[in-house]
Amino acid sequence: MDPHQSLFRNAFEDKNILITGGLGFIGSNLAHRLVPLGAHITLVDSLIPDYGGNMFNIEGIEKDVRVNIADVRDEHSMNYLVRNQHYLFNLAGQVSHLDSMIDPYTDLEINCRSQLSILEACRKNNRAVKIVYSGTRQIYGKPDYLPVDEKHPLHPTDVNGINQMAGEWYHILYNNVYGIRATSLRLTNTYGPRQLMKHNKQGFIPWFIRQILDGEEVKLFGDGKQLRDMNYVDDVVDALLLAAAKEASNGEICNLASDDPISLLDFVKLLIELNGGGSYAIVPFPEERKRIDIGDFYGDYSKIKHGLGWEPKTPLREGLSRTLAYYKEFKSAYWEEDA
Ligand SMILES: NC(=O)c1ccc[n+]([C@@H]2O[C@H](COP(=O)([O-])OP(=O)(O)OC[C@H]3O[C@@H](n4cnc5c(N)ncnc54)[C@H](O)[C@@H]3O)[C@@H](O)[C@H]2O)c1
């Protein structure tokens, strides 16, 4: 039984909810959770090829949500779409760190400029909306100390991190100056069903899962000892809903993190065990990745734990088992076998 069920029902039943990036990984899992709570949901997504949007992600709820194929860079669409919404989960983003270095202006347009224009759309058309922005722990860069709390300095190591930092702060500014309630959660590596798996630019977790399922050798860069924390997507959805439902989040920035940081090597070994087979090799760091690598990282989530009552509930082993089972069943919706 969900301990937050009655809070969520009171907050979201019969409410209008806009999710930008709603056909992507986290946005679609959020939609699956909101449908049974009786929310009226609109998903905005550009479905740009090679980004995370996938129509299969709303399989089973396609009749219960409205889908609007629009780009958050289009100010006219956003001016219209934010009207009459009670909540805006602002999750659309260009999420590849490598692409942000190859094509920095697209990252700037989507992750920075559009965030400002979405907030302007709210200022002009719907000041009563509550906004939850999905920030990222990437903006801390290479940690000065561990675990990383919200007071840690921000020194991003790539263009994506800089634009995400600005995107986040626009939200806090509009909360503070215009009273448009907004909050940011700094997500860490999130995994689970409905993630983009067709290429390896969206983080190492989906890529390792795909390689293990395809019987390919996983390549670990450096020595594989880099520590990371990871959250199962249902726990991240919980945090997004709590941040939306609780007024205590207004103007606040909170880390998400997990209790059990794991080395990439141990992570791959766990995947191999749960899959019942697989292999890996330790290889030197490719130069373009080494330049933006951050070494060990794990966060401190005490602020959201004490402030909003969130903690991750899904142990890694359980979350990964569910994730492997999902992709075994629905693999063809996420990637094609190599010819
Ligand atoms: N998944 C993670 O581990 C993680 C970690 C930290 C932060 N985040 C943040 O959470 C958010 C959601 O991430 P995700 O993992 O679900 O990624 P995702 O790529 O699956 O989802 C993002 C969605 O945004 C859509 N989108 C991209 N540009 C758009 C545009 N211009 N207009 C409209 N839609 C557009 C994409 O089509 C995609 O469906 C992102 O902002 C990301 O930066 C995710």
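Cut-offs applied
- Residues numbered from 1 in each chain as written.
- Predicted model: local features only at pLDDT ≥ 70, side-chain atom pairs only at ≥ 80, totals over all residues.
- Heavy atoms only, no water.
- Helix = DSSP H or I, 4+ residues; strand = E, 2+ residues; numbered from the N terminus.
- Rg over C-alpha atoms; globule rule 2.2 N^0.38 Å.
- Buried < 20%, exposed > 50% of the residue type's maximum accessible area, 1.4 Å probe, protein only.
- Contact = heavy atoms within 4.5 Å.
- Near = heavy atom within 4 Å.
- Polar contact = N/O pair within 3.5 Å; in protein donor to acceptor, adjacent residues only side chain to side chain.
- Pairing = 2+ DSSP bridges.
- Phe/Tyr/Trp six-rings, centres within 6.5 Å; stacked < 30°, edge-to-face > 60°.
- Expected span 1.5 Å × (residues − 1).
- Arc of directions from axis to C-beta.

Asks: Honestly, the overall build of the chain in this entry has me stumped. Any pointers?
Replies: The helix and strand inventory of the chain stands at 12 helices and 13 strands. Scaling as 2.2 N^0.38, a compact globule of 339 residues should have a C-alpha radius of gyration of about 20 Å, and the chain matches this with 19 Å. The buried share of the chain, reckoned over its 339 residues, is 56%. Long-range contacts, defined as pairs at least 24 residues apart, comprise 80% of the intrachain contacts of the chain with a sequence gap of at least 6.

Asks: How do you make sense of the site of the ligand when you look at a structure like this?
Replies: The environment of the ligand is made up of 28 residues, and the closest members are F25, I26, D45, D71 and Q202. I26 has a polar backbone atom sitting 2.8 Å from an oxygen atom of the ligand. One nitrogen or oxygen atom from the main chain of S46 is found 3.2 Å from a nitrogen atom belonging to the ligand. Those elements that place two or more of their residues in the shell around the ligand are α2 (25-34), β5 (130-136) and β7 (189-191). Element by element, the count of residues in the shell around the ligand is highest for β5, at three residues.

Asks: I would appreciate a short explanation of the pairing of β5 in the present structure.
Replies: Regular strands show a simple pattern: their side chains alternate between the two faces of the sheet. The buried count for β5 comes to seven of seven residues, which makes it a mostly enclosed element. Burial of β5 is two-sided: the residues K130, V132, S134 and T136 facing one way and the residues I131, Y133 and G135 facing the other way are all buried. Of the pairings in the sheet, the one linking strand β4 (residues 87-90) to β5 comprises four bridges and is parallel in character. When the bridges of β5 are listed, F89 appears paired with V132. Bridge analysis of β5 against strand β6 (residues 182-187) gives six bridges, and the strand direction is parallel. Looking at β6, one finds that S134 is bridged to L185.

Asks: Would you explain the packing of aromatic side chains in this entry?
Replies: The geometry of an aromatic ring pair comes down to the distance between the two centres and the angle between the two planes. A full pass over the atoms with the stated rule returns 17 aromatic pairs. When the ring of Y327 is compared with that of Y334, the centres are 5.4 Å apart and the planes differ by 90°; the resulting orientation is edge-to-face. Neither residue differs from the other here; Y327 and Y334 are each classed as buried. Among the aromatic residues, those joined into a cluster by ring pairs are F56, Y326, Y327, F330, Y334 and W335.

Asks: Quick question: what am I supposed to make of helix α12 (residues 316-330) here?
Replies: Turn by turn, an α-helix covers 3.6 residues, leaving residues three or four places apart pointing in a common direction. Given a rise of 1.5 Å per residue, 15 residues ought to cover 21 Å, and the 21 Å separating the end C-alpha atoms of α12 matches this to within 8%. Within the sequence span of α12, burial applies to L316, G319, L320, T323, L324, Y326 and Y327. Down the axis of α12, the smallest arc covering the buried residues is 160°, so these residues share one side. Buried residues belonging to α12 abut β7, α7 (204-213), β10 (230-232), β12 (262-263) and α9 (264-275).

Asks: Sorry if this is basic, but what is going on with the environment of E337 here?
Replies: With respect to the helices, strands and loops of the structure, E337 is situated in the segment after α12. Separated by 139 residues in the primary sequence, E337 and K198 place their C-alpha atoms 9.9 Å from one another. Other than its neighbours up to four places away in sequence, E337 contacts D214 and K331.

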